[in-house]
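# Coordinate analysis (summary)
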Amino acid sequence: MDFELSEEHKMLREAIKDFVEKEIAPLVDEAEAKEQFPVQLFPRMGELGYLCLGYPAEYGAGEMGMIGECIVIEEIAKIAAGIAGGLMVQGGIATEAVLVHGTEEQKQKYLVPAIKGQKIASFGLTEADAGSDVAAIQTVAVRQGDKYVINGSKIFITNSPICDFVLAAAYTDKGLGASKGMSLFIVEKDIPGFTCSTMDKFGFRSSATGEVVFEDCVVPGENLIGEEGRGFQYLMEALDGGRISHSARSIGLAEAAYEAALNYAQQRVQFGQPIYKFQVNSFKLAKMAMDIEVARWLMYRAAWLYDQGFRRIKEAAMTKLFSSEVVCRVTTDAMQMHGGYALMSDSSVHRYFRDARFCTITEGTSEIQEIVISRAIGLR
Ligand SMILES: Cc1cc2nc3c(=O)[nH]c(=O)nc-3n(C[C@H](O)[C@H](O)[C@H](O)COP(=O)(O)OP(=O)(O)OC[C@H]3O[C@@H](n4cnc5c(N)ncnc54)[C@H](O)[C@@H]3O)c2cc1C
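The text that follows walks through the structure, step by step, so that each part is easy to find. (Residues numbered from 1 in each chain as written. Predicted model: local features only at pLDDT ≥ 70, side-chain atom pairs only at ≥ 80, totals over all residues. Heavy atoms only, no water.)

### Let's talk about the overall build of the protein chain
Along its length, the protein chain carries twelve helices and nine strands. With the principal axes as the frame, the protein chain shows a C-alpha extent of 80 × 45 × 40 Å. A total of 380 residues make up the protein chain; the buried ones form 54% of that total. Taken as a whole, the protein chain presents about 16,900 Å² of accessible surface, with 54% of it coming from carbon and sulfur. One way to put it: in the protein chain the 38 positive side-chain charges average out to a point 4 Å from where the 51 negative ones average out. (Helix = DSSP H or I, 4+ residues; strand = E, 2+ residues; numbered from the N terminus. Buried < 20%, exposed > 50% of the residue type's maximum accessible area, 1.4 Å probe, protein only. Areas by Shrake-Rupley, 256 points an atom, 1.4 Å probe, with all protein chains shown as cover. Lys, Arg positive; Asp, Glu negative; His and termini not counted. Charge placed at Lys NZ, Arg CZ, Asp CG, Glu CD.)

### A few points about the site of the ligand
Contacts to the ligand come from 16 residues, most closely from Thr-126, Ser-132, Phe-156, Thr-365 and Glu-367. Residue Ser-132 places a side-chain N or O atom 2.6 Å away from an oxygen atom belonging to the ligand. In the model, a nitrogen atom of the ligand is placed 2.8 Å from a nitrogen or oxygen of the Phe-156 main chain. Counting atoms within 2 Å of the grid points, the majority share of the ligand lands in the largest pocket. Those elements that provide at least two residues to the shell around the ligand are β3 (147-158) and α12 (366-376). Ranked by residue count, the leading element in the shell around the ligand is β3, at three residues. (Near = heavy atom within 4 Å. Polar contact = N/O pair within 3.5 Å; in protein donor to acceptor, adjacent residues only side chain to side chain. 1 Å grid on protein atoms, 1.4 Å probe; cavity = no way out; pocket = protein on both sides within 12 Å on 5 of 7 lines; lining within 4 Å. Sits in = over half its atoms within 2 Å of the grid points.)

### Some remarks on the pattern of salt bridges
In a structure, side chains of opposite charge can pair up when their charged atoms sit close to one another. Overall, the coordinates contain 23 salt bridges when judged by the stated rule. One salt bridge in this structure joins Glu-35 and Lys-201, with 3.2 Å as the shortest N-O distance. Here the residue Glu-35 occupies a position in the loop between α1 (7-34) and α2 (41-48), and Lys-201 occupies one in the loop between β6 (194-198) and β7 (209-220), the gap between them amounting to 166 residues. A single burial state applies to Glu-35 and to Lys-201, both of which are buried. Across the pair Asp-240 and Arg-312 runs a salt bridge, and its minimum N-O distance is 3.2 Å. (Salt bridge = Lys/Arg side-chain N within 4 Å of Asp/Glu carboxyl O.)

### Quick notes on the nonpolar core
Among the nonpolar cores identified, the biggest contains 118 residues, and Met-45, Ile-76, Ile-83, Leu-87, Phe-185 and Val-187 are the most heavily contacted of them. Once residues lying within four places of it in the same chain are set aside, the contact partners of Val-187 are Ile-150, Asp-164, Phe-165, Val-166, Ala-168, Phe-194, Phe-214 and Val-219. (Core = buried A, V, L, I, M, F, W, Y, C linked by side-chain atoms within 4.5 Å. Contact = heavy atoms within 4.5 Å.)

### Description of the layout of surface pockets
What the largest pocket holds in volume is close to 1,400 Å³. Leu-239, Ile-361, Thr-362, Glu-363 and Gly-364 are, among the 49 residues lining the largest pocket, the residues nearest its centre. Elements represented by at least two residues in the lining of the largest pocket include exactly α4 (81-90), β3, α8 (231-267), α10 (313-337), α11 (348-359) and α12. Broken down by element, the lining of the largest pocket gets its largest block of residues, nine residues, from α8. (Points joined across faces, edges and corners; volume = space filled by probe spheres on them.)

### Some thoughts on unusual backbone geometry
Excluding glycine, most residues fall at negative phi; most peptide bonds, likewise, are trans. Unlike most non-glycine residues, Glu-35 shows phi in positive territory, near 55 degrees. Taking relative accessible area as the criterion, Glu-35 reaches 11% and is therefore assigned buried. Positive phi, normally seen in glycine, also occurs at Glu-63, with a value near 50 degrees. Looking at the secondary structure, you find Glu-63 in the loop between α2 and α3 (65-79).

### Some remarks on α12
Taken together, the buried positions of α12 are occupied by Ser-366, Gln-369, Val-372, Ile-373 and Ser-374. In this structure, the buried residues of α12 make contact with α8 and α10. Within two residues after α12, Gly-378 carries a phi angle of roughly 85 degrees, on the positive side.

### Notes on the packing of α8 against α11
The description of two helices packed together rests on the angle between their axes and the distance between the axes. Packing of α8 against α11 leaves a shortest axis separation of 10 Å and a crossing angle of 155 degrees. By the criterion of interaxial angle, the relationship of α8 to α11 is roughly antiparallel. Crossing of α8 against α11: the hand is left-handed. Residues His-246, Ser-250, Leu-253, Ala-256, Ala-257 and Ala-260 of α8 form the contact with α11, whose own contacting residues are Tyr-352, Asp-355, Ala-356 and Cys-359. Residue composition of the contact of α8 with α11, by class: seven nonpolar, two polar and one charged. (Axes fitted to C-alpha atoms, helices over the stretch in contact; angles between N-to-C directions. Parallel < 35°, antiparallel > 145°, perpendicular 65-115°, else oblique. Left-handed = near helix turned anticlockwise from the far one by under 90°. Nonpolar A, V, L, I, M, F, W, Y, C, P; charged D, E, K, R; others polar.)

Put into structure tokens, the structure is as follows:
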């Protein structure tokens, strides 16, 4: 067993910390206030090789595995979990199926520009009446000669207001059910019939979230990913990686809240002493530190399994579930530790608390992770 990061990964962490401090931190307040993802980060991070870090070098990516991706997401989430979310989608669920099942032409046209930050990707699965119940989607793609005509709508789609393309799930044959009748398509945002409106959120405000409508969108047959009818399977494969990097975001956010609480408890004086000297507060901080430590090990182990190509469905669900529960606990305790100051809208700890609420919902709710874990341990 080896509990150390490789030298390469340690260097990556130092480099990304420096980048976050110099180039992301100055953008956060405006992005949060205006609810706008700072899009200039895509080409800049692409240029520096920080996007899609787990992807192979042959497409211009860093090839630093899921561990590398988690390091980057964790560090960025410490400063802005919303921004981390937009980047996480680009290097994961919105492009993984293209990497694994796409044609060489699709990779050159969509994946390589995504890695370089020249194109922004989003992933469209959820619909108004199909959240956890993915099979209930209504979007359809009807083949007409060598093209498909797509109709339907998607909701809560990260990056969609700023994207160049959506990797969208649609039924090509609903009669065959999700496992054989659902397919994945790349839909470019500037084709006729594609519209997107921005959704207003109380957290993750520095990410862009939108509702997408496809109205008679005609996409060429070559935009189908892999085989027709295999989309559901491709999605399920991509979910593991998505859940692991989602954990990195929850953990980065929890670390930020913990640091804020620790600093505040050392500075805030009541009854003639810093408030950490009250045992109730020092024990609270001790538990926060322990929770984060456990969550990080669970996440890095799942990332390691992923990088080794081992089965990791259970571990990916466990780390997603655990880290999102930890971030909710830690941010709640950090709020309490800050007293009334936490309740002011401009306090960072208040932002962490709001952002944490999203972690138990996105990328599959906690209850869905519990179902996945129950199945994995043979209970369903
Ligand atoms: C900020 C944000 C960004 C997002 N980004 C994307 C994106 O980029 N792409 C995308 O496709 N989607 C995205 N989503 C959608 C997200 O994945 C869904 O919100 C999530 O899967 C839950 O679906 P739902 O909101 O419809 O809730 P529902 O599925 O309606 O769930 C409501 C409640 O019922 C519970 N529940 C549902 N089914 C069961 C069950 N079988 N057993 C027990 N409890 C159950 C849930 O756990 C939850 O507590 C995003 C959402 C948000 C808020």
